Amino acid sequence: MNAVDRLNVLKTYKLYVGGKFPRSESGRVYEVTDSKGKWRANAPLSSRKDARDAVVAARKAFGGWSGATAYNRGQVLYRVAEMLEGRRDQFTREVADAEGLSKSKAAAVVDATIDRWVWYAGWTDKIAQVVGGGNPVAGPFFNLSSPEPTGVVAVLAPQESSFLGLVSVLAPVIATGNTAIVVASENSPLPALSLAEVLATSDVPGGVVNVLSGRTAEIAAPLAAHQDVNAIDLAGADEVLAKELEIAAADNLKRVLRPQPVDYAETPGTDRLTAFLETKTVWHPTGSLGASGSSY
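What counts as what
Residues numbered from 1 in each chain as written. Predicted model: local features only at pLDDT ≥ 70, side-chain atom pairs only at ≥ 80, totals over all residues. Heavy atoms only, no water. Helix = DSSP H or I, 4+ residues; strand = E, 2+ residues; numbered from the N terminus. Rg over C-alpha atoms; globule rule 2.2 N^0.38 Å. Buried < 20%, exposed > 50% of the residue type's maximum accessible area, 1.4 Å probe, protein only. Lys, Arg positive; Asp, Glu negative; His and termini not counted. Charge placed at Lys NZ, Arg CZ, Asp CG, Glu CD. Pairing = 2+ DSSP bridges. Axes fitted to C-alpha atoms, helices over the stretch in contact; angles between N-to-C directions. Contact = heavy atoms within 4.5 Å. Right-handed = clockwise from strand over helix to strand, strands pointing away. Parallel < 35°, antiparallel > 145°, perpendicular 65-115°, else oblique. Nonpolar A, V, L, I, M, F, W, Y, C, P; charged D, E, K, R; others polar.

**Q** Summarise the overall build of the protein; cite the residues concerned and give the values.
**A** The number of helices and strands found in the protein is 10 helices and 12 strands. Computed over C-alpha atoms, the radius of gyration of the protein comes to 21 Å, within 12% of the 19 Å expected from 2.2 N^0.38 for 296 residues, which places it in the range of a compact globule. Expressed as a percentage of the 296 residues in the protein, the buried residues total 47%. Here the protein contributes 30 positive and 32 negative side-chain charges, whose respective centroids are spaced 4 Å apart.

Set out below in structure tokens:
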């Protein structure tokens, strides 16, 4: 058969919620174009119901993910990096289309993204040593502080950096034991939807990461107001939307990470790792050893 006569098999992109790939509850889609305005795909246009379903899935997965050992989470995340490496060419094409980059520049962005994922995977069992430890107290007590995940975190992915920016805001959330609902870049959602396929075929439990595409403002509003969402990262919101979401988030005292200028190509530091951690401090009496009253 002549290659010219062959029909292209177009890819159907879907949401990723609870480890499954549903279409939007509303049945809606919207056109995704490349940087030159050429049609690339139809992406699901998520509804408020999709957002609520994602919160339920993230909450259900939180106990198991936060209860896993930090070392195990690191192994799971490293497996994701292995899968990303195997699909490097696909992500290079999608990033090139989304961001208007040459193939070589897009490949460099994908390489940096995979490296960024590995970097955060390595932090899973080390962040507690940086932000936790023993505290000196005036009394016969052990006083120990340790970090714990905040809970369910809504993440508005950066609008312009469709892959490197996405991973830079998602990876630290799940590396520290939180579960996430990701709102993909509105105009360039395809790398995020493809990342969902990688997560589904790696060892990340269903519900730990949920990926929604569509109108950022439409999806983010119910997430910001949802009583079972513990925190929200406003990286992908403009100034007006960020203000509205911050007000909505105040109803249940959500932790809010405000949008700020970020060069995602730079070394990220630990700020996003600690942004969605709580500190638990435990006091325990040391007791006495022998008649002398000395303590251990």
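So much for the structure itself; the text now carries on.
**Q** Requested: an account of the sheet that holds strand 4 (residues 141-149), with residues and values cited.
**A** Here we have three strands laid out as an open sheet, ordered 3-4-10, and antiparallel in their pairing. Looking at the sheet topology across the chains shown, the edges are occupied by strand 3 (133-134) and strand 10 (277-285). Both strand 3 and strand 4 contribute to a ladder of two bridges, which runs antiparallel. Each bridged residue has a counterpart across the sheet, and for Gly-133 the counterpart in strand 4 is Ser-145.

**Q** Describe the sheet that holds strand 9 (residues 255-257), listing the residues and the values that go with them.
**A** Strands sit in the order 7-6-5-8-9 across an open sheet of five strands; the sheet is parallel. Both edges of this open sheet fall to strand 7 (209-212) and strand 9, since each of them pairs with a single strand only. Going from strand to strand, the sheet's axes swing by 15 degrees on average, the running direction of each strand aside. Where strand 5 (residues 152-156) lies against strand 6 (residues 179-183), five bridges are found, and the strand directions are parallel. Along strand 6, the bridge assignment pairs Ala-154 with Ile-181. Helix 1 (residues 48-67) rests against strand 5, strand 6 and strand 7 of the sheet, and its axis sits at about 155 degrees to strand 6.

**Q** Give a detailed account of the pairing of strand 6, specifying residues and quantitative values.
**A** The side chains of a regular strand alternate between the sheet's two faces. Of all the five residues making up strand 6, five are buried; the element is thus mostly covered by neighbouring parts of the structure. Residues Thr-179, Ile-181 and Val-183 point to one face of strand 6 and Ala-180 and Val-182 to the other, with burial holding for every one of them. Where the polypeptide runs from strand 5 across helix 6 (residues 164-175) and back to strand 6, its parallel neighbour, the crossover connection is right-handed. Taken together, the four bridges between strand 6 and strand 7 define a ladder with parallel strand orientation. Paired with Val-182 across the strands is Val-211, a residue of strand 7. Read as a crossover between parallel neighbours, the route from strand 6 over helix 7 (residues 190-200) to strand 7 is right-handed.

**Q** So what about the packing of helix 4 (residues 103-121) against helix 6? Which residues, and what values?
**A** Two elements in contact, helix 4 and helix 6, have axes separated by 9 Å at closest approach and are oriented at 10 degrees. Taken together, the axes of helix 4 and helix 6 lie roughly parallel to each other. On helix 6, the residues that touch Val-109, Ala-112, Thr-113, Arg-116, Trp-117 and Tyr-120 of helix 4 are Leu-164, Val-167, Ser-168, Leu-170, Ala-171, Pro-172, Ile-174 and Ala-175. Its residues placed into classes, the contact of helix 4 with helix 6 shows 11 nonpolar, two polar and one charged.

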